[in-house]
Amino acid sequence: MIIQTIRMKSVTAEGMGTLSVFEAEHDVPFAIKRIYYIHDVPAGVQRGGHAHKKLRQVLWCPYGKIRIRLDNGREKTDVMLDDPTIGLVVEHYMWREMFWEQDNSVLCVAADSFYEAEDYIRDYDEFLNAIKGKDLD
């Protein structure tokens, strides 16, 4: 399984913190149409459990520690998001599960399209059936 990450450009000002940034279609391999974030989640909670037919995303954790499990139907890989300068690119037809490893961690998502309920695959068996015969690597 190919895992693609991006490293955000970061500028630190002494005593004033760090600014980190990524740009659509430059650092991220697509245009961004939607940004959202998930917060106030206690450690031990699992979210996700779905795939998308078309949607592509970049996930990053500006605060805390969140483990992302990616599953292409043939193999599974865990990626720990615990560095606010690293983003994880998640392609379409990739099952994802998110595990909060630290209280109040924040998961940010930049997506290449607007919300469409019909783009979600929420049943794992349906996901496995949908990817049969597709070359998704």
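As the structure is a computational prediction, the values presented were derived from the model and not from experiment.

Draft legend 1. Looking closely at unusual backbone geometry. Backbone geometry places Glu25, a non-glycine residue, at a positive phi of 65 degrees. With respect to the helices and strands, Glu25 occurs in the loop between β3 (17-21) and β4 (34-41). For Glu25, a relative accessible area of 63% translates into the label exposed. Of note in this structure, Asn104 is not a glycine but carries a positive phi near 60 degrees.

Draft legend 2. Layout of the pattern of salt bridges. For the structure shown, the criterion picks out 7 salt bridges. Here Asp27 ties to Lys9 by a salt bridge, and the two come within 2.8 Å at their closest N and O atoms. Highlighted residues: Asp27 in the loop between β3 and β4 and Lys9 in strand β2 (residues 9-13), separated in sequence by 18 residues. Between Glu97 and Arg69 there is a salt bridge; the shortest N-O distance is 4.0 Å. Residue Glu97 is located in strand β10 (residues 95-100), and its partner Arg69 is located in strand β7 (residues 66-71); the two are separated by 28 residues in the primary sequence.

Draft legend 3. Layout of the nonpolar core. Counting residues in hydrophobic clusters, the biggest one holds 16 residues, and the most contacted among them are Leu59, Ile66, Ile68, Leu81, Leu88, Trp100 and Leu107. Taken together, the elements giving at least two residues each to this core come down to β4, β6 (57-63), β7, β8 (76-81), β9 (86-90), β10 and β11 (105-111). Here the element with the most residues in this core is β7; it accounts for 3 residues. When sequence neighbours within four positions are dropped, the list of residues in contact with Ile66 reads Cys61, Val79, Met80, Leu81, Met98, Phe99, Trp100, Glu101, Ser105, Val106 and Leu107. Counting residues in each nonpolar core, the second largest holds 11 residues, with Val28, Phe30, Trp60 and Ala110 among its members.

Draft legend 4. A look at the packing of aromatic side chains. Summed over the entire model, instances satisfying the criterion amount to 5 aromatic pairs. Residues Trp95 and Tyr124 carry aromatic rings whose centres are separated by 5.2 Å and whose planes lie at 85 degrees to one another, so their mutual orientation is edge-to-face. Here Tyr124 lies in helix α1 (residues 124-131) and Trp95 lies in strand β10, a separation of 29 residues in the sequence. On the accessibility criterion, Trp95 (6% relative accessible area) is buried. A residue is classified by how much of its surface remains accessible, and Tyr124, at 28% relative accessible area, is partly exposed. Seen from their ring centres, Trp95 and Phe127 are 5.5 Å apart, and the 45 degrees between their planes marks the pair as tilted. You can see Trp95 sitting in strand β10 and its partner Phe127 sitting in helix α1, a full 32 residues away along the chain. An aromatic cluster is present here, built from Trp95, Tyr124 and Phe127 joined pairwise through their rings. Positioned above the aromatic ring of Phe99 is the side chain of Arg67, whose terminal nitrogen or guanidinium carbon lies 4.2 Å from the ring centre.

Draft legend 5. Fine view of the pairing of β2. Where β2 and β3 come together, 5 bridges link them in antiparallel fashion. Paired with Val11 across the strands is Leu19, a residue of β3. Here β2 folds back onto β3 in antiparallel fashion, the turn holding 3 residues, of which Gly15 has a positive phi close to 75 degrees.

Draft legend 6. Structural detail: the sheet that holds β6. With antiparallel pairing, 5 strands are arranged side by side in an open sheet as β1-β9-β6-β11-β4. Each edge of the open sheet carries a strand with a single partner, namely β1 (4-7) and β4. The sheet shows a mean angle of 25 degrees between the axes of neighbouring strands, taken without regard to direction. With 5 bridges connecting them, β6 and β11 associate as antiparallel partners. Residue pairing across strands places Trp60 opposite Cys108, the latter belonging to β11.

Criteria and cut-off values
- Residues numbered from 1 in each chain as written.
- Predicted model: local features only at pLDDT ≥ 70, side-chain atom pairs only at ≥ 80, totals over all residues.
- Heavy atoms only, no water.
- Helix = DSSP H or I, 4+ residues; strand = E, 2+ residues; numbered from the N terminus.
- Buried < 20%, exposed > 50% of the residue type's maximum accessible area, 1.4 Å probe, protein only.
- Salt bridge = Lys/Arg side-chain N within 4 Å of Asp/Glu carboxyl O.
- Core = buried A, V, L, I, M, F, W, Y, C linked by side-chain atoms within 4.5 Å.
- Contact = heavy atoms within 4.5 Å.
- Phe/Tyr/Trp six-rings, centres within 6.5 Å; stacked < 30°, edge-to-face > 60°.
- Lys NZ or Arg CZ within 6 Å of the ring centre and 35° of its normal.
- Pairing = 2+ DSSP bridges.
- Axes fitted to C-alpha atoms, helices over the stretch in contact; angles between N-to-C directions.

Bear in mind that shape data such as this cannot, by itself, settle questions of function.
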